[in-house]
Every structure is written in structure tokens, then in C-alpha cells.
Amino acid sequence: MTISQLQETIENFFAAGPDAIGDNFAMAAFLALRAALEVGDVRAASPDAASPSGWRVNAWVKQGILLGFRLGVLEEFPSAGFSFVDKSTFPVRHFSSGEGVRVVPGGSSVRSAAFVARGVVCMPPMYINAGAYVDEGTMVDSHALVGSCAQIGKRVHLSAAAQIGGVLEPVNASPVVIEDDVLVGGNCGVYEGTVVRKGAVLAAGAILTRGTPVFDLVNGAILRATAEMPLIIPENAVVVPGSRAVSKNKGQEWGLSLYAPVIVKYRDEKTDLSTTLEELLR
Ligand SMILES: CC(C)(COP(=O)(O)OP(=O)(O)OC[C@H]1O[C@@H](n2cnc3c(N)ncnc32)[C@H](O)[C@@H]1OP(=O)(O)O)[C@@H](O)C(=O)NCCC(=O)NCCS
């Protein structure tokens, strides 16, 4: 089956709603999509120079992943063989599929329908969700999350506890995109379709969402998402977590400030040194 035939089949079965459940051809189409995702032949979003954000969402791929959830039934997964020692009085609870509780295999885990390229390092515990794409040489450090359909470029460092949000629905919504050679510092959060361009550095603790204005001190500009465009962090920007005074109403009276990510500089030799030191420490 060609990719365009697969696309048409997936779109038809997705449109069929619950009627697709139990249909062997629907399952075969989902499994073909899952296999294509796992080798990187198809992606939930692809680079597209013609699009203003530089990325195109492949809504049919997200529909296919949702179809997989619709077609799946609860099933027990055998243990991965790791052994545990704890007080005999409090053993781990065991659920059967009949109890209707879904316990997703964890510690570290990479879910089906995710692409993980050669040379990626995954430190425990971490999780890569369905539809995500993680390119060569990337480090996914402890407690990092790569959400569903998120697109992570080459040689990216997702530091400890970095959270990269997933966007599965609505199917035409852009996933989070982290381009090549980005450093996402510890405890960062990147959500809601934000695009972080090549070489950018997010200092530890920076949080980016559609609603977060970013203050570019170098260019004197305030970057925001719009109805048509996600929040875009420019190439090589160095973003640190800051704050800004509330200038209106009670906020001003009470002397409050709000969280504000700030572009303090664009990557220079010192930044390269700081981030290389991080690499050496690994
Ligand atoms: C961003 C980072 C790479 C530093 O980059 P750099 O190019 O060396 O930055 P500089 O030291 O030149 O700092 C530039 C300005 O930003 C400020 N700054 C730098 N890092 C900052 C931070 N994390 N928070 C707030 N301000 C910061 C500096 O004080 C300086 O401002 P000033 O000139 O007014 O003093 C570093 O702070 C960082 O966050 N590294 C990631 C750490 C991490 O998460 N490691 C994960 C390991 S698992």
C-alpha cells in the first residue's frame, strides 16, 4: 500500500467512527501506519518551507493514532523482567483487564507509533508517547516527557524533567516542535504547539505556552502566538525565566508580577561553552 492509499484508508476508517471497531481492515491500516511511524516514513508534522511556521500538520496521521485508540482493547502486558524489593505487607497491586483500570507500562517507556532514531539516549525514567518523532543524537534525560506527536530534532538535549507537551486533538492542531541542536533546560515546559527554532536555548525553568508572551530584549519585540500561528522562539535565542510587573488594577496596587520568559541574548561563544559543559558532564 502506498502512503497516499494508507492516508485515504485511515481517513475513511476514522470517519466511520465506532463502525470501524472489530473491522480487520481498519486494524491492518492502523498497524501499517504504526509501522510507518516507527521507522519515520510518516510523521504527525513535517518540515514545510511553504508554511509560515515552517511546519505542516499531517492531520490524517493524528486521525490514525486516534483510530488506534478506538480499535485497541484493554490487555495485560507481561512484566519487563525488572525485579523489585519492598515490605512484604505492601506488595504492588495487580490489575486484570476486567477491572477496567488502565496502567500504562512505565518507568521508562516508548510507546508504539513513536519514531526514535539511532543514537538517541533515553535516561530513566522518561516517556515518549505515540506519534512522537525523536531524531538522531538526541538525549531524553531523566523525568523528561515527549508528548504525543511532538517533533524533536537532531542533537537536542531534553534535560531532566523537561516536559514537551503533546497535541493529539484537535487533529489539525500543530504539535510542539523542537528543532535541531536546541537545549531544553531542566524543568522546562513547552506546550500547545510552540515551535522552538534551531539552536535555541531554554534556560532551566522556562515555560512556554500559546498564552505566554516572550520578551525579546535584543530586538525590542514581544513575541506571541496568534490565531493562525503558534508561539515561535527564533533560531539561537537564549530564553531565561523572568518576571514583569503587573501595570493595571489590583495587580499594580498589590505590587504583583507575572512570569515572563525573556530572550536575553542570541547564542554566542559563551552559550556554546555553557551548553558544551553540560554535554561533557553527561
Ligand atoms: C541559558 C544558559 C545556557 C546560560 O547561557 P549563557 O549564554 O552562558 O548565558 P550568560 O551567562 O551569558 O547570561 C546572559 C544573561 O542572562 C542571565 N541568565 C543566564 N542564565 C539565566 C537563568 N537560568 N535564569 C535567569 N537569568 C539567566 C545572566 O545573568 C545574564 O544577564 P546579565 O548580563 O544581566 O547578568 C544557562 O543559564 C542554563 O540554563 N543552562 C541549562 C542548565 C540545565 O538545565 N541543565 C540541565 C542539565 S540536566
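Reading the values: rules and limits
- Residues numbered from 1 in each chain as written.
- Predicted model: local features only at pLDDT ≥ 70, side-chain atom pairs only at ≥ 80, totals over all residues.
- Heavy atoms only, no water.
- Helix = DSSP H or I, 4+ residues; strand = E, 2+ residues; numbered from the N terminus.
- Rg over C-alpha atoms; globule rule 2.2 N^0.38 Å.
- Buried < 20%, exposed > 50% of the residue type's maximum accessible area, 1.4 Å probe, protein only.
- Contact = heavy atoms within 4.5 Å.
- Pairing = 2+ DSSP bridges.
- Near = heavy atom within 4 Å.
- Polar contact = N/O pair within 3.5 Å; in protein donor to acceptor, adjacent residues only side chain to side chain.
- Areas by Shrake-Rupley, 256 points an atom, 1.4 Å probe, with all protein chains shown as cover.
- Salt bridge = Lys/Arg side-chain N within 4 Å of Asp/Glu carboxyl O.

A.B. asks: Tell me about the overall build of the protein, and name the residues and values.
C.D. replies: When helices and strands are counted, the protein shows five helices and 23 strands. Its C-alpha atoms give the protein a radius of gyration of 21 Å, within 12% of the compact-globule value 19 Å for 282 residues. Seen along its three principal axes, the alpha-carbon backbone of the protein occupies a region of about 60 × 55 × 45 Å. Taking all 282 residues of the protein together, 41% fall into the buried category. Sequence separation of at least 24 residues holds for 42% of the intrachain contacts in the protein that already meet a minimum separation of 6.

A.B. asks: Any chance you could break down the sheet that holds strand E3 (residues 109-110) for me, citing the residues and the numbers?
C.D. replies: Across the sheet, which stays open at both edges, the six strands sit in the order E3-E6-E9-E12-E15-E18 with parallel pairing between neighbours. The open sheet has two edge strands with one neighbour each: E3 and strand E18 (207-208).

A.B. asks: Help me get a handle on the site of the ligand, residues and values and all.
C.D. replies: Close to the ligand lie 18 residues; Gly186, Lys265, Lys270, Thr271 and Ser274 are nearest. Here Gly186 contributes a backbone N or O atom positioned 2.6 Å from an oxygen atom of the ligand. With respect to the ligand, the side chain of Thr271 contributes an N or O atom lying 2.6 Å from an oxygen atom. Compared with its free state, where it exposes 910 Å², the ligand has 57% of that area covered by protein.

A.B. asks: Can you tell me about the pattern of salt bridges, naming the residues and giving the values?
C.D. replies: Applying the stated criterion to the full structure yields seven salt bridges. Between Arg56 and Asp48 there is a salt bridge; the shortest N-O distance is 3.9 Å. The exposure class assigned to Arg56 is partly exposed, which follows from its relative accessible area of 39%. We note a salt bridge from Asp268 to Lys265, for which the minimum N-O separation is 3.2 Å. What makes Asp268 partly exposed here is its relative accessible area of 32%.

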